[in-house]
Amino acid sequence: MTKIGTSMHDAAVRQFVERRTACASIVRVRNETLPAGSAMMFYCTACGFPIIMPEHYFLHQTRLCFECVELEERGWLEEAIAQ
Ligand SMILES: [Zn+2]
């Protein structure tokens, strides 16, 4: 378990809050309006960051962006969301 209160933890939580704020104004693409063969757009359920996947996206998780996966693995995501 990684120690909470480190500068890395604080920076990760601060960056999460900044990312979530920046992503709040993104105009979201509706996948059903895209031509066949287009990359599919998803949005991180924690911060809203766009996740771009090829059509066969069902082979991958699309719930969280890379940064939020890292936060979740370190046990910091719930705290970041609560900020
Ligand atoms: Zn995210």
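These numbers come from a predicted model, not from an experiment. (Residues numbered from 1 in each chain as written. Predicted model: local features only at pLDDT ≥ 70, side-chain atom pairs only at ≥ 80, totals over all residues.)

**A closer look at the overall build of the protein chain**
We count it as follows: Only runs of H or I of at least four residues qualify as helices and only runs of E of at least two qualify as strands under DSSP, and these elements are numbered from the N terminus. Think of it as a crowd count around each C-beta: if 20 or more other C-beta atoms lie within 10 Å the residue is buried, if 12 or fewer it is exposed, and in between it is partly exposed, with C-beta placed from the backbone throughout. C-beta atoms are first placed from the backbone for all residues, and any pair lying within 7 Å is then listed as a contact.
For the protein chain, the count of helices and strands is three helices and two strands. For the protein chain, the N- to C-terminal ordering of α and β elements is α-β-β-α-α. In the protein chain, which comprises 83 residues, the share counted as buried stands at 14%. Across the protein chain, every contact between residues at least 6 apart in sequence was considered, and the portion connecting residues at least 24 apart equals 41%.

**Quick look at the nonpolar core**
We count it as follows: To define a nonpolar core, we join buried Ala, Val, Leu, Ile, Met, Phe, Trp, Tyr and Cys residues through C-beta atoms within 7 Å and take the resulting set.
Counting residues in each nonpolar core, the largest one holds eleven residues, listed as Ala12, Phe16, Cys44, Ala46, Cys47, Cys65, Cys68, Leu71, Trp76, Leu77 and Ala80. Those residues in contact with Cys65 that sit more than four places away from it in its chain are Cys44, Cys47, Phe49 and Ile51.

**Some points on the pairing of strand β2 (residues 50-53)**
A regular strand places its side chains so that they alternate between the two faces of the sheet. Heads up, the condition is: For two strands to be treated as a pair, DSSP must find at least two bridges joining them.
Note that strand β1 (residues 40-43) and β2 share four bridges and pair antiparallel. Bridged to Tyr43 within β2 is Pro50. Linking two consecutive strands that pair antiparallel, namely β1 and β2, is a turn of six residues; a positive phi of about 90° is found at Gly48 within it.

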